[in-house]
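# Summary of the model geometry
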Amino acid sequence: MIDFHSHVLPGIDDGSRGTDMSMEMLEKSYNYGIDVMVATPHFYIRHTDVESFLRHRKDSYRALMHKAKNRNTPIPDIRLGAEVFFFTGMSSFEDLDKLCIDGTGYLLLEMPFMEWSVKVIAEVEKIIYDRSITPIIAHLDRYLSYQSGNDYIMDLIRMGAVIQLNGDYVNGLFTRKKAIDLISEGVVSLLGSDCHNMQKRAPNLDKTFDIIRRKCGQETLDRIDSCGRKILNSASL
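An account of the accompanying structure is given in this report. In this text, all values refer to a predicted model and were calculated from it rather than measured experimentally.

## Focus: the packing of aromatic side chains
Counted under the stated rule, the structure contains six aromatic pairs. Centre to centre, the rings of Tyr 44 and Phe 85 are 5.9 Å apart; their planes meet at 50°, and the pair counts as tilted. Here Tyr 44 is found in the loop between strand E3 (42-43) and helix H2 (50-71), whereas its partner Phe 85 is found in strand E5 (residues 83-85), with 41 residues between them in sequence. Accessibility expressed as a relative area gives 22% for Phe 85, which makes it partly exposed. Centre to centre, the rings of Phe 113 and Tyr 143 are 5.4 Å apart; their planes meet at 45°, and the pair counts as tilted.

As C-alpha cells, this is what we get:
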C-alpha cells in the first residue's frame, strides 16, 4: 500500500525533527504494510521560493537516505512531492509543475480552511485545464465542516481532481461512518497518514486498512492501491 501524505523528511517543516525520528516513522510504516511513502513537506508561497524549497528538500532526503543506509533496516520507497497550500494566482505560477510528485503531473493541494468560493474552484479548474496538472486534494476530512450546503467537492472530482483522506478520519470512532461512506461511494481514491512524528501524529494506516477491509472488503483497498500506483507510474490515470 501507498501512504500518499507524510511529513517524514527531517528538519524541513513541522514534521520529523531529525533523521532518527524519520527512521522510526519509516520503519513503523513499513511494518504496517506501506511499501511506498510520498514525502510531502509543506510549501507556502509566502514563506519560501520553489528553488529554495527544492534545495532544502533534496538535502533533507539525502541526509535521511544516508541514515537509512547506515541503519540497514527495511523501509518504504520514498517519492518526493510537496503539500502546496492554495494561493490566488497559482494556476499561472510558472514553477508549479516543479512541486508535483516526482515523475508525475499530480500535485498534493491543501485547500483553504473555509467555505470555498467560486473563485477558488475556478483557480483549481485552471490548474487542471490550463496547466494539465491534476490536483490531489489533501486531507478532505479537514474541509468537510466548511463545505456543507455546496457541491464543490463533487465539482472538483468531475473536473478530474483526486481526493485523499487521512487515516485519522477512518480511525476515529465518531468520524468512521462518514469516512466509510466517502470511501464506499468512490469519493475518496487515496489514503494518507499525514504523519508528522511518533507521538500525537504518528503513522496510523495499519488501523485504517483493517477498518476498511472489515467494512468495505479487500477489493476496496485494492482499488485505492491501484489508483495510487497508476498515479506514481504515469502522468495521468
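## Re helix H7 (residues 205-216)
With 12 residues, H7 should cover 16 Å at 1.5 Å per step; its first-to-last C-alpha distance of 16 Å lies within 8% of that length. When H7 is considered as a whole, its buried residues turn out to be Leu 205, Thr 208, Phe 209, Ile 211, Ile 212 and Cys 216. All buried residues of H7 fall inside an arc of 165° around its axis, so they share one side. Buried-residue contacts for H7 involve strand E1 (2-6), helix H5 (167-171), helix H6 (176-184), strand E9 (190-192) and helix H8 (218-233).

Criteria and thresholds
- Residues numbered from 1 in each chain as written.
- Predicted model: local features only at pLDDT ≥ 70, side-chain atom pairs only at ≥ 80, totals over all residues.
- Heavy atoms only, no water.
- Phe/Tyr/Trp six-rings, centres within 6.5 Å; stacked < 30°, edge-to-face > 60°.
- Helix = DSSP H or I, 4+ residues; strand = E, 2+ residues; numbered from the N terminus.
- Buried < 20%, exposed > 50% of the residue type's maximum accessible area, 1.4 Å probe, protein only.
- Expected span 1.5 Å × (residues − 1).
- Arc of directions from axis to C-beta.
- Contact = heavy atoms within 4.5 Å.

Any link to function would need more than the numbers given here.
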